[in-house]
Amino acid sequence: MNEFFVIGGNAGQGKSTFALNFSLALRQFGFDVLLVDGDVKTPRIGHYVGVPFPQKTLQMVLRNQCDLRSAVYEMPSGVKLLLSGLVDPQVSHPFVLKDELKKLAQVIVVDSAPHDSRWFSCGDVIFVSTDDFPSVMDVRRLSKNVKSKGVVLSRVFNDSFGLSSFNVQEFLGVPVLGSVPFDERMRECLYEGHAILELYPDCKTSVEFRSVAARLMNLEYSPSLKRLSR
């Protein structure tokens, strides 16, 4: 089995945070996972894992300055990483590596750049959005002519000011895969260079990340028992 997930959406919606925690959840479920920071202009994943200046980067691979496999790092969790550097050289679109990426892991997760539709043709697209109307409207524009697995709502406050999951689903015409609650400890996690799934594995936010991963991989997941079955 080889799964290819592309995380799409606008900047500031929690896309990279979801991509990282989603990858960690998949790894916890036993999958061999490669997370690719496909945003070569404004990368985030390296900063989120405490490696803002990786020695070997996706851009270097695209410029034939290093081998693809040698640019892949591995987190203590076992998640593999292909990171983009903060320098923005003129390079080919990383889409050209899609076939080679599929050889590196069982599941590939690509954190794409905002509005980067070129990735959308090579895998299952998951949109990430906050639950305010303008953000959901942006997803609606992005998702035109794109076959999406659904949308994940991030930083949800569960108050009367945001759109409900039902309203979002009706408006977009795609399933709401999960609603990730806001957690103020996210800032701490970013500062520490860890995902919330690592530092607070049993909090509601972490449970929701695992629930989304289980749903997309057709697994049965019980948060109370921390067990799964395929």
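Presented here is a report on the structure given in the accompanying data block. Every value quoted in this text rests on a predicted model; they were computed, and no experiment measured them. (Residues numbered from 1 in each chain as written. Predicted model: local features only at pLDDT ≥ 70, side-chain atom pairs only at ≥ 80, totals over all residues. Heavy atoms only, no water.)

## Section: the pairing of strand β5 (residues 107-111)
Here is the rule: The buried label goes to any residue with under 20% of its type's maximum accessible area, the exposed label to any with over 50%, and the partly exposed label to all in between, with areas taken from a 1.4 Å probe on protein chains only. Going along the chain from the N terminus, every DSSP run of H or I of four or more residues is numbered as a helix, and every run of E of two or more is numbered as a strand. Strand pairing is defined by DSSP finding a minimum of two bridges between the two strands.
In terms of burial, β5 is largely enclosed, as five of its five residues are buried. Neither face of β5 is left uncovered, since the one carrying Val 107, Val 109 and Asp 111 and the one carrying Ile 108 and Val 110 both have all their residues buried. Here strand β1 (residues 3-8) pairs with β5 via five bridges, running parallel. Paired with Phe 5 across the strands is Val 109, a residue of β5. Where strand β2 (residues 33-37) lies against β5, five bridges are found, and the strand directions are parallel. Looking at β5, one finds that Asp 37 is bridged to Asp 111.

## Observations concerning the environment of Asn 2
So the rule is basically this: Should any heavy atoms of two residues lie within 4.5 Å, those residues are counted as being in contact.
In this structure, Asn 2 sits in the segment before β1. On a C-alpha basis, the gap between Asn 2 and Thr 42 in space is 28 Å, while along the polypeptide they are 40 residues apart. Dropping the residues within four chain positions of it, Asn 2 is found in contact with Lys 102, Ala 105 and Gln 106.

## Let's talk about unusual backbone geometry
Glycine aside, negative phi is the norm for most residues, and most peptide bonds take the trans geometry. Despite not being glycine, Asn 64 has its phi angle at roughly 60 degrees, a positive value. With respect to the helices, strands and loops of the structure, Asn 64 is situated in the loop between α3 (58-62) and β3 (72-74). A relative accessible area of 72% means that Asn 64 is categorised as exposed. A positive phi angle, near 55 degrees, is found at Asn 158, a position not held by glycine. If you trace the backbone, Asn 158 turns up in the loop between β7 (148-156) and α6 (165-172). Look at Asn 158 and you get exposed, because its relative accessible area is 66%.

## Comments concerning the sheet that holds β7
The line we're drawing: Helix axes are fitted to C-alpha atoms over the stretch in contact, other axes to C-alpha atoms as well, and angles between N-to-C directions run from 0 to 180 degrees.
The sheet built from eight strands is open, its strands ordered β3-β4-β2-β5-β1-β6-β7-β8 with mixed pairing. Bordering the open sheet on either side are β3 and β8 (176-181), each of which pairs with just one other strand. Within this sheet the neighbouring strands show an average axis-to-axis angle of 20 degrees, counted without direction. Relative to β7, strand β6 (residues 124-129) is paired through five bridges, and the arrangement is parallel. Bridge pairing links Val 125 to Ser 148 in β7. On top of the sheet, helix α1 (residues 15-28) reaches β1, β2, β5, β6 and β7; it is set at about 170 degrees to β5, its chief contact.

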